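Analysis of the macromolecular model
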Amino acid sequence: MRVGKMLAGSAVVALALAALMLGGCSSGGSASNSSGGGSSTEVHIGIGAPLTAGSVAQGQGIQRGVELALAQANDSADVKAAGLKFVGIPGDDQGDPKTGVTIANTFASDRQLIGVVGHLNSGVTIPASKVYNEAKIAMISPAATNPALTLQGLNNVFRVCTIDSVQGPTGADAAFNKFGFKKAVVIDDSTPYGAGLAAAFAKQFVADGGQVVLTEKTSDKDSDFNALVSKIKDANPDLVYYGGVYNAGALLSKQLKNGSVKAPMMGGDGLFDPQYIALAGNADGDLCTSVGLPTDKLPKAQEFQAAYTKMFPGKEIGAYDAYSYDAANVLIGAIVKAAKDKGAAAVTGPAAREEIIANVAATSVDGVTGKIAFDKNGDTTNKAITVYKVEAGKWIAALIPGQ
């Protein structure tokens, strides 16, 4: 089930045509309320994520999380009483910064679109956030972890996931202190996410007493790592740390094992997806960190899992699905409050947009992922990080905060 229309991520799609398509979603800013027979103001929520290229499994999971939140909201008495109807507008950024900016501009051209859940990749989210700031659109990322995103001084930018300056050191501490790795090779994919995460890991690993015996940069588009594998084998590390996402990371892991490198691979939340294991083949022993607690340890996990399974049968909950669900619900709450203050018909106007951003900033609620509140920069105050290990072909929580 999809709540809205998908914006094509291809650069060949004309921006004006996409904007015209979005503008035609409703007539005069209202839409028929199918449950009540009256009329309601249609509000668009953009969903920025890689849906056909890049980290597709994680991007589609983000889309499902938002769709679930919007579907529940439209059935709620609170949203109906506010005179609103929420429609999700997926934008396929393909994990590419230029495409992401095109999507952001398309979202900004839609006068009914006043909030965005996205994006996944930090390299996409950072430039897109500037576009949203100019349009006074509240943006909440469920997944972008590079610290630079919220250090831009943009009042509309928020995230419900913690940052790499927390995640990288947590991974290093676990690698050195819990698993006993003393020598590491550190590789990144040259993206803001991968480079930032790898640097944070390396700094803490050395501070803990570990040794970084080799550092290398690759591209997030690379698929042949055989020359790099030879260099890593010669360095004889205990651990290979990779800053990047599961697509290329899984291929590196596979080629390391094929090249007789005995050291396991470790990375961040970009690896935390079942597709990593599927693409890597035998990934047993590999490790990663991911934001928050395991799904079954989340405060409202049972309720969320039941609703998710009912709406998306056969789909496994991914790393960011609950985070995108919470991000969407924060936006929904902020918009409903603005509608009650100013009236549904005015909710997409300039004054309401400013209020919606302020409402998001003032959020203090219990979400599926835990307590949701933001600091002065727009960062989540929830700093939990879990360490996972692949065992018998599955990601298993190996180190849970507080346990």
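The structure this text deals with has already been given above.
All figures in this text were calculated on a predicted structure; none of them were measured in a lab.

Right, let's talk about the overall build of the protein for a bit. A count of helical and extended segments in the protein gives 13 helices and 15 strands. For the protein, the C-alpha radius of gyration of 21 Å lies close to 22 Å, the compact-globule estimate for 403 residues. For the protein, the proportion of its 403 residues judged to be buried stands at 57%. Restricting the contact set of the protein to residue pairs at least 6 apart, pairs at least 24 apart contribute 69%. Taking the average location of the 34 positive side-chain charges in the protein and that of its 36 negative ones, the two points are 1 Å from each other.

Under the criterion given, the structure shown has eleven aromatic pairs. Feature note: the residues F176, F201, F205 and Y241 constitute an aromatic cluster, connected by ring pairs. Here K182 stacks its cationic end above the ring of F176, 3.8 Å away from the centre of that ring.

Another aspect to go through is unusual backbone geometry. Each neighbour pair has its own omega, and for G118 with H119 the value is -5°, a cis peptide bond. Residue placement: H119 occurs in the loop between β4 (113-118) and α5 (122-134). The backbone of Q94 sits at a positive phi, close to 55°, despite the residue not being glycine. Classification of Q94 as partly exposed rests on a relative accessible area of 26%. The phi dihedral of S260 falls on the positive side, at around 65°, and the residue is not glycine. Its place among the elements puts S260 in the loop between α9 (246-258) and β10 (265-267).

Moving on, we come to the side chain of T150. Turning to its location among the elements, T150 is positioned in the loop between β5 (138-141) and β6 (157-159). For T150, a relative accessible area of 5% corresponds to the buried category. Looking at T150, its side chain comes within polar contact range of the side chain of R159, at 2.8 Å.

Bringing the pattern of salt bridges into the picture now. Side-chain pairs of opposite charge can arise whenever the charged atoms involved come near each other. For the coordinates displayed, the defined rule picks out nine salt bridges. Note that E216 is salt-bridged to K231, the shortest N-O span being 2.5 Å. In this pair, E216 is assigned in strand β8 (residues 211-217) and K231 in helix α8 (residues 226-235), connecting sequence segments 15 residues apart. Two residues, K337 and D341, come together in a salt bridge whose shortest N-O distance is 3.4 Å. Of the two residues, K337 and D341 both sit in helix α12 (residues 321-342), four residues apart, roughly one turn of that helix. For D341, a relative accessible area of 47% puts it in the partly exposed group.

This paragraph deals with α8. Listed in full, the buried residues belonging to α8 are L228, V229, I232 and A235. For α8, the angular spread of the buried residues around the axis is 120°, confining them to a single face. Projecting away from the buried face of α8 at angles above 90 degrees are the exposed residues A227 and D234. On its buried face, α8 sits against β7 (183-188), β8, β9 (239-243) and α9. Where α8 ends, the next residue or the one after it, N236, has phi of about 50°, a positive value.

What follows covers the packing of helix α6 (residues 164-178) against helix α7 (residues 192-208). The geometry of α6 relative to α7 is characterised by a closest axis approach of 7 Å and an angle of 45° between their N-to-C directions. Considering their axes alone, α6 and α7 lie oblique with respect to each other. In this structure, α6 meets α7 at a crossing whose hand is right-handed. Each of D164, S165, Q167, G168, P169, G171, A172, D173, A175, F176 and N177 in α6 lies in contact with α7, whose residues at this interface are Y193, L197, A200, F201, Q204, F205 and D208. Here the contact of α6 with α7 is built from residues that sort into nine nonpolar, six polar and three charged.

Rules and cut-offs
Residues numbered from 1 in each chain as written. Predicted model: local features only at pLDDT ≥ 70, side-chain atom pairs only at ≥ 80, totals over all residues. Heavy atoms only, no water. Helix = DSSP H or I, 4+ residues; strand = E, 2+ residues; numbered from the N terminus. Rg over C-alpha atoms; globule rule 2.2 N^0.38 Å. Buried < 20%, exposed > 50% of the residue type's maximum accessible area, 1.4 Å probe, protein only. Contact = heavy atoms within 4.5 Å. Lys, Arg positive; Asp, Glu negative; His and termini not counted. Charge placed at Lys NZ, Arg CZ, Asp CG, Glu CD. Phe/Tyr/Trp six-rings, centres within 6.5 Å; stacked < 30°, edge-to-face > 60°. Lys NZ or Arg CZ within 6 Å of the ring centre and 35° of its normal. Polar contact = N/O pair within 3.5 Å; in protein donor to acceptor, adjacent residues only side chain to side chain. Salt bridge = Lys/Arg side-chain N within 4 Å of Asp/Glu carboxyl O. Arc of directions from axis to C-beta. Axes fitted to C-alpha atoms, helices over the stretch in contact; angles between N-to-C directions. Parallel < 35°, antiparallel > 145°, perpendicular 65-115°, else oblique. Left-handed = near helix turned anticlockwise from the far one by under 90°. Nonpolar A, V, L, I, M, F, W, Y, C, P; charged D, E, K, R; others polar.

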